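What the coordinates show
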Amino acid sequence: MKDYKENIFRIIITIGAIVSSLLVLLVFFYILKESLPFFKEVSFGEYILGHNWNPLSSKPKYSFLPMILATLYISFLAILIATPLSVGCALFLSFNAKKKYSKVILSFIDMIAGIPSVIFGFLGLVILVKFLEKNLNMVTGESVLAGALLLSVMLFPYIVTGCTETFIKGKKVYYAASQSLGVSKWYTMRKIMLPYAANSIFVNMLLAFGRAIGETMAVMMVTGNSPIFPKLLGRAETIPSLIALEMGTATYKSIHYSSLYAAGLILIIIILIIQLIAYMIKQTGMRQS
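The text that follows walks through the structure, step by step, so that each part is easy to find.

Moving on, we get to the nonpolar core. Residues Phe 64, Leu 151, Leu 155 and Phe 167 are the most contacted members of the largest nonpolar core, which totals 65 residues. Counting residues in each nonpolar core, the second largest holds seven residues, with Leu 93, Leu 106, Ile 109 and Val 160 among its members.

Written out as structure tokens, the structure is:
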């Protein structure tokens, strides 16, 4: 009877995995199909190396370069801000907080990930944008910096959760031995646990980076949405924001319409590359351990 139930469970899991994989492939090929007219009409040099996005002018321009750079810039800056804070929080929860308090704090941190991005965007627009505008003497607080700061808060729970799990595993392996040798807690964290968790931290950074690249609503509300080359205190527009803002106004089956699918395809390829790198690093770390 037990084997019968296990076989049913295994079949359900297998079907679920196959259906999920097929759905991902169908989405990818549908986006590819819809973007083909754009790739046939617009040269590679124009949409990757061009400088302007103006699909509605008499001489349309379809360069994704400003949006690609803005997407990577904001996401990378958000990771730089979120990672040190997240790793420090994970170390505190793993080594300094009592276990019962650590679980409660982690549950609240996980709740941050469940807050809708539009709520973050609204708070960023009302609080963060106004703060930057007032204290940095900016014409408008909508900027790359505002997007990165807001996105770093949204990425915080993802990195904290992954790093905490790794630190707890490492603590079970090394902490008792280091304590028995008279090694201080701070030395153990700095010289033993951080090198032990280095691969995991980097993998969590990459996964959070992929999450950041795909973020739409919150970033769209605080960056100003100008398709220009990004500057730290200037406006910018990410690829997800471009798609969200212009898909509703693009004429069906036009080159403009197809270009937005092409932008989505580029976004998927970037995220896929990041996920593959994260997977390779994780597999390397598992073989070494």
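Once you've had a look at it, read on.
Among the structural elements, Ser 200 can be located in helix H8 (residues 198–213). Sequence separation between Ser 200 and Ala 82 is 118 residues, and the spatial gap between their C-alpha atoms is 15 Å. Ser 200 has contacts with Gly 162 and Thr 166, leaving out every residue within four places of it along the chain. A polar atom in the side chain of Ser 200 sits 2.6 Å from the side chain of Thr 166.

A word on the environment of Gly 147. Looking at the element boundaries, Gly 147 is found in helix H6 (residues 144–180). Assessed through its relative accessible area of 0%, Gly 147 is described here as buried. Considered as a pair, Gly 147 and Ser 241 are 94 residues apart in the sequence and their alpha carbons are 12 Å apart. Other than its neighbours up to four places away in sequence, Gly 147 contacts Ile 74, Val 222 and Thr 223.

As a further point, take the packing of H6 against H8. Relative to each other, H6 and H8 sit at 150°, their axes nearing to 9 Å. On the basis of their axis angle, the class for H6 and H8 is roughly antiparallel. In this structure, H6 meets H8 at a crossing whose hand is right-handed. Touching Leu 151, Met 154, Leu 155, Tyr 158, Ile 159, Gly 162, Cys 163, Thr 166 and Phe 167 of H6 are Ser 200, Ile 201, Asn 204, Ala 208, Arg 211 and Ala 212, all from H8. Considering only residue class, the contact of H6 with H8 consists of 10 nonpolar, four polar and one charged.

Rules of the game
The residue numbers shown here count from 1 along each chain, following its written sequence. In keeping with the predicted nature of the model, local features appear solely for residues at pLDDT of at least 70, side-chain atom pairs appear and are counted solely at 80 or more, and the whole-chain, interface and lining totals rest on all residues. Hydrogens and water molecules were not included; the side-chain quantities draw on all heavy atoms of the structure. As used in this record, nonpolar core signifies buried Ala, Val, Leu, Ile, Met, Phe, Trp, Tyr and Cys residues forming a set joined through side-chain atoms within 4.5 Å. Throughout this description, buried means an accessible area under 20% of the type-specific maximum (1.4 Å probe, protein chains only), exposed means over 50%, and partly exposed covers the range between. Each helix is a run of DSSP H or I of at least 4 residues and each strand a run of E of at least 2, with the numbering of both proceeding from the N terminus. Any two residues whose heavy atoms approach within 4.5 Å are treated as being in contact. Any N or O atom pair separated by 3.5 Å or less is treated as a polar contact, with the protein-specific requirement of one donor-capable and one acceptor-capable atom, and with residues adjacent in sequence counted only for side-chain atom pairs. Note on geometry: axes are C-alpha line fits, over the in-contact stretch for helices, and angles between N-to-C directions span 0 to 180 degrees. An angle below 35 degrees is treated as roughly parallel, one above 145 as roughly antiparallel, one from 65 to 115 as roughly perpendicular, and anything else as oblique. Helix crossings get a hand from a simple test, with the near helix turned counterclockwise from the far one by less than a right angle marking a left-handed crossing and a clockwise turn marking a right-handed one. Here the nonpolar group is Ala, Val, Leu, Ile, Met, Phe, Trp, Tyr, Cys and Pro; Asp, Glu, Lys and Arg are the charged ones; every other residue, Gly included, is treated as polar.

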